[in-house]
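Spelled out from the first residue to the last, the chains are:
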Amino acid sequence: MRLLFEMDKKDHEQCTNTFVRNSARSIIINNHKIAMIHSLKYDYYKFPGGGIEDGENPVDAMIRETREESGLIVNPETVKEYGYVHRIQKSDKDDTECFIQNNYYFLCEANGGAVPQDLDDYEAEESFTLEYIEPMIAINKNRSEIHSPYNRIMLEREARVLELLLTEGFFN
């Protein structure tokens, strides 16, 4: 899979241990709009998807996480690799820990309408909501002032992937 870009804060030289948490995310485009998860609580957008569990392959994780967060059922025959973003930085919680993450993105299609979501507690608290939106809306929102407990690098990652998709003509 191709490297889309790297996000390295170059703040991890003093780290003595690492924490790796890879993720897999779906890119579902329909009528020039993209399926995104909108956090109503913090007002940001993210691609449907999440963490890859031990022993799980990235495609299976993407299909599972997309179903849980958005209610969309990915058609496995339509899945194509798009690329990944490599992220490395000092942990927000432990100065001795380096956080490493590969975020795998897959182009795919969903079957029919959405089924009920199966949200984690924090996702339900944030009121994760599926929206099909124009890419620039999500880009602009993620780059605006957001009062979120999350590291802003996650929001910028999603904006940059959307910009690549626009540049490469996926919304024409």
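See the structure shown above.
Residues numbered from 1 in each chain as written. Predicted model: local features only at pLDDT ≥ 70, side-chain atom pairs only at ≥ 80, totals over all residues. Heavy atoms only, no water.

Novice: Explain the state of the cysteines here, please?
Specialist: Each disulfide is one covalent bond, formed between the sulfur atoms of two cysteines. This structure, assessed with the given rule, holds zero disulfides. Of all cysteine sulfurs in the structure, the one in cysteine 98 sits closest to cysteine 15, which takes part in no disulfide; the separation is 4.8 Å. A relative accessible area of 18% means that cysteine 15 is categorised as buried. (Disulfide = S-S within 2.5 Å. Buried < 20%, exposed > 50% of the residue type's maximum accessible area, 1.4 Å probe, protein only.)

Novice: Any chance you could explain the packing of helix H3 (residues 135-142) against helix H4 (residues 152-167) here in plain terms?
Specialist: Helix-helix packing is characterised by the crossing angle of the two axes and by the distance between the axes. Close contact between H3 and H4 brings their axes to 9 Å; oriented N to C, the two are set at 155°. Accordingly, the angle class assigned to the pair H3 and H4 is roughly antiparallel. In terms of crossing hand, the pair formed by H3 and H4 is left-handed. Judged by residue contacts, Pro135, Met136, Ala138, Ile139 and Asn142 of H3 engage Arg152, Leu155, Glu158, Ala159, Leu162, Glu163 and Leu166 from H4. Here the contact of H3 with H4 is composed, by residue class, of eight nonpolar, one polar and three charged. (Axes fitted to C-alpha atoms, helices over the stretch in contact; angles between N-to-C directions. Helix = DSSP H or I, 4+ residues; strand = E, 2+ residues; numbered from the N terminus. Parallel < 35°, antiparallel > 145°, perpendicular 65-115°, else oblique. Left-handed = near helix turned anticlockwise from the far one by under 90°. Contact = heavy atoms within 4.5 Å. Nonpolar A, V, L, I, M, F, W, Y, C, P; charged D, E, K, R; others polar.)

Novice: In this structure, what is going on with unusual backbone geometry? I would like to understand it.
Specialist: Negative phi is the rule for most residues except glycine; trans is the rule for most peptide bonds. A positive phi angle, near 50°, is found at lysine 10, a position not held by glycine. Judged by its relative accessible area of 59%, lysine 10 is exposed. At asparagine 31, a residue that is not glycine, the phi angle is positive and equals roughly 55°. By the element assignment, asparagine 31 lies in the loop between strand S4 (29-30) and strand S5 (33-39).

Novice: I tried to follow the pattern of salt bridges on my own but got confused; where do I start?
Specialist: Pairs can form between side chains of opposite charge once their charged atoms are near each other. For the coordinates displayed, the defined rule picks out 13 salt bridges. One salt bridge connects glutamate 53 with arginine 64, and the closest N-O pair in it is separated by 3.7 Å. On the criterion of sequence distance, the pair formed by glutamate 53 in the loop between strand S7 (49-51) and helix H1 (58-70) and arginine 64 in helix H1 is long-range, its members being eleven residues apart. In the salt-bridge network here, residues are joined through shared partners; they are Glu53, Glu56, Arg64, Glu65 and Glu68. (Salt bridge = Lys/Arg side-chain N within 4 Å of Asp/Glu carboxyl O.)

Novice: In this structure, what is going on with H4? I would like to understand it.
Specialist: Residue pairs spaced three or four apart in an α-helix point in one direction, given the helix's 3.6 residues per turn. Helix length check: H4, at 16 residues, gives a terminal C-alpha distance of 23 Å against a target of 22 Å (1.5 Å per residue), a fit within 8%. Of the residues one or two after H4, glycine 169 is the one with positive phi, at around 80°. (Expected span 1.5 Å × (residues − 1).)

Novice: Just to check I follow, could you spell out the nonpolar core for this structure?
Specialist: One recurring pattern in soluble globular proteins is that nonpolar side chains are buried together. Grouped together as the largest cluster of nonpolar side chains are 21 residues, with contacts concentrated most on Ile34, Phe47, Val161 and Leu165. When residues of this core are traced back to their parent elements, those giving at least two are strand S1 (3-8), S5, strand S9 (80-90), strand S10 (97-107), H3 and H4. Among the elements that line this core, the one with the most residues is H4, at five residues. In contact with leucine 165, other than residues within four places in its own chain, are Ile27, Ile34, Phe47, Tyr82, Leu107, Phe170 and Phe171. Core analysis: the second largest hydrophobic core is formed by eleven residues, Ala24, Val74, Val79 and Cys108 among them. (Core = buried A, V, L, I, M, F, W, Y, C linked by side-chain atoms within 4.5 Å.)

Novice: Hey, could you run me through the environment of glutamate 163 in this one?
Specialist: By the element assignment, glutamate 163 lies in helix H4. For glutamate 163, a relative accessible area of 30% translates into the label partly exposed. Apart from the residues lying within four places of it in its own chain, the contact partners of glutamate 163 are Ile139 and Arg143. Among the polar contacts listed, one links the side chain of glutamate 163 to the side chain of arginine 143, at a separation of 2.6 Å. (Polar contact = N/O pair within 3.5 Å; in protein donor to acceptor, adjacent residues only side chain to side chain.)

Novice: Can you walk me through the packing of aromatic side chains in this structure?
Specialist: Each aromatic ring pair is specified by the distance between its two centres and by the angle formed by the two planes. Within this structure, the stated rule accounts for five aromatic pairs. Taken together, a centroid distance of 5.7 Å and an interplanar angle of 85° make the contact between tyrosine 82 and phenylalanine 170 edge-to-face. One end of the pair, tyrosine 82, is in strand S9; the other, phenylalanine 170, is in the segment after H4, and 88 residues separate them in sequence. Above the ring of tyrosine 82, the side-chain terminus of arginine 2 is found at 4.7 Å from the ring centroid. (Phe/Tyr/Trp six-rings, centres within 6.5 Å; stacked < 30°, edge-to-face > 60°. Lys NZ or Arg CZ within 6 Å of the ring centre and 35° of its normal.)

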